[in-house]
Amino acid sequence: MRKSGDHDAPGTPAKPTRRKVMKGLGVAASGLALGTGISAALPRKDDEAAAMAIPEAGPWTPAAVHGHVDVTWSVDTSQKLVALTFDDGPMPKWTPMVHDVLDQERVKATFFLVGERLVRNARLVHGRMDRHEAGNHTWGHADLAVLSHQAACRQIHRAHAAIERITGKEPRHLRPPFGRLGGTTLSAAGQFGYSLTLWSIKMLEKTYEHDPPQLVDYIVDNTHPGTIVLAHDTGQPDRLVALRNLVPMIRRLRAKGFEFVTVSELMAASSPPPSKKGSS
């Protein structure tokens, strides 16, 4: 993605901004909109293009500013920064619980929102996203890696439009459902100028379902500068063990000197790792 402050050489035609790219591509995407149900997003097994990383056999360049996609699971930084991320919402009961904790502890987080659920539950996030970042988790939680390029683009664009309209924030980061990068995940992300955000540690709710203090220890002991933590604000009941123990996790990490930031803030703090002595 193009960084603020970058300038084109004199006489060079202006490159399209990411917002213009999204709006331009949206004309085509809106004409092929998917159904409102998540089931409509399921891939077709006979889709011959599903395994392709680019949408056509001939030369292809995405409409975004750069012909590459950044993939991040953690950030190289010497600062004690950590990004909490929550996937799959918003959904009743769970999402308000998470926001209540984050408000109480004055913590920033990044929510990777499912577009269809956001439209259905928009009231859950009204007035609650000011300090937080909104990320794209597709329209219907579809596995982009097994969709055609067109279908993957529809999933991304439709969610993008809903997130921007309802939260007032333009998402910059895409988290592919299930963390699957194969097939058209990369080509579709490149089409819209998204960076892909994975994670470096996740809540192991099922492992520690009956031993919550051990889950807290696991997260606190394995969080390092630049860590991206994956949690969920909906799902199977065992996931509640993580949400109900966010407070001790947050307070213990703060006691170790960590600051909670959004994914974008974490990436902005990136610094190259020191070179090893004796390396060429």
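Keep in mind that this is a model prediction, so the values were computed, not measured. (Residues numbered from 1 in each chain as written. Predicted model: local features only at pLDDT ≥ 70, side-chain atom pairs only at ≥ 80, totals over all residues. Heavy atoms only, no water.)

## Some remarks on the side chain of aspartate 233
In this fold, aspartate 233 is placed in the loop between β8 (227–232) and α7 (240–243). Nearest to the buried, unbridged aspartate 233 among oppositely charged side chains is arginine 117, at 7.4 Å. Ignoring sequence-local partners within four residues, the contact set of aspartate 233 consists of Phe86, Asp87, Asp88, Gly89, Pro90, Met91, Trp94, Thr95, Val98, Phe111 and Leu243. (Helix = DSSP H or I, 4+ residues; strand = E, 2+ residues; numbered from the N terminus. Buried < 20%, exposed > 50% of the residue type's maximum accessible area, 1.4 Å probe, protein only. Lys, Arg positive; Asp, Glu negative; His and termini not counted. Salt bridge = Lys/Arg side-chain N within 4 Å of Asp/Glu carboxyl O. Contact = heavy atoms within 4.5 Å.)

## Re the pattern of salt bridges
Following the criterion strictly, the structure yields eleven salt bridges and no others. We note a salt bridge from arginine 180 to aspartate 143, for which the minimum N-O separation is 2.6 Å. One end of the pair, arginine 180, is in the loop between β5 (173–174) and α5 (184–192); the other, aspartate 143, is in the loop between β4 (133–136) and α4 (149–167), with 37 residues separating them in the sequence. Of the residues examined, aspartate 143 reaches a relative accessible area of 11% and is grouped as buried. Two residues, arginine 252 and aspartate 217, come together in a salt bridge whose shortest N-O distance is 2.6 Å. Taken together, the residues arginine 252 in helix α8 (residues 246–255) and aspartate 217 in helix α6 (residues 212–221) connect sequence positions 35 residues apart.

## Looking at the packing of α4 against α5
The contact between α4 and α5 brings their axes to 9 Å, and the two run at 55 degrees. Taken together, α4 and α5 sit at an angle that is classed as oblique. In this structure, α4 meets α5 at a crossing whose hand is right-handed. Facing His149, Ala152, Cys153, Ile156 and His157 of α4, the residues of α5 in contact are Thr184, Ser187, Ala188, Ala189, Gln191 and Phe192. Here the residues of the contact of α4 with α5 sort into six nonpolar, five polar and no charged. (Axes fitted to C-alpha atoms, helices over the stretch in contact; angles between N-to-C directions. Parallel < 35°, antiparallel > 145°, perpendicular 65-115°, else oblique. Left-handed = near helix turned anticlockwise from the far one by under 90°. Nonpolar A, V, L, I, M, F, W, Y, C, P; charged D, E, K, R; others polar.)

## Observations regarding the pairing of strand β3 (residues 110–113)
If a strand is regular, its side chains alternate between the two faces of the sheet. What you see with β3 is no split at all: Thr110 and Phe112 on one side and Phe111 and Leu113 on the other are buried throughout. The sheet contact formed by strand β2 (residues 81–87) and β3 spans three bridges and is parallel. In the sheet register, threonine 85 faces β3, and the bridge partner there is threonine 110. Remark: the β3/helix α3 (residues 115–120)/β4 crossover connection has right-handed handedness. (Pairing = 2+ DSSP bridges. Right-handed = clockwise from strand over helix to strand, strands pointing away.)

## Section: the packing of aromatic side chains
Following the criterion strictly, the structure yields two aromatic pairs and no others. Ring centres of phenylalanine 86 and phenylalanine 111 lie 5.4 Å apart, and the angle between their planes is 25 degrees; this geometry places the pair in the stacked category. Here phenylalanine 86 is found in strand β2, whereas its partner phenylalanine 111 is found in strand β3, with 25 residues between them in sequence. Note on accessibility: phenylalanine 86 and phenylalanine 111 belong to one class, buried. With a centroid separation of 5.9 Å and an interplanar angle of 35 degrees, the aromatic rings of tyrosine 208 and tyrosine 218 are classed as tilted. Taken as a pair, tyrosine 208 in the loop between β7 (201–202) and α6 and tyrosine 218 in helix α6 lie far apart in primary sequence, ten residues in all. Accessibility expressed as a relative area gives 23% for tyrosine 218, which makes it partly exposed. Lying across the ring of phenylalanine 258, lysine 80 places its NZ or CZ 5.5 Å from the centre. (Phe/Tyr/Trp six-rings, centres within 6.5 Å; stacked < 30°, edge-to-face > 60°. Lys NZ or Arg CZ within 6 Å of the ring centre and 35° of its normal.)

Taken by themselves, the reported measurements are silent on function.
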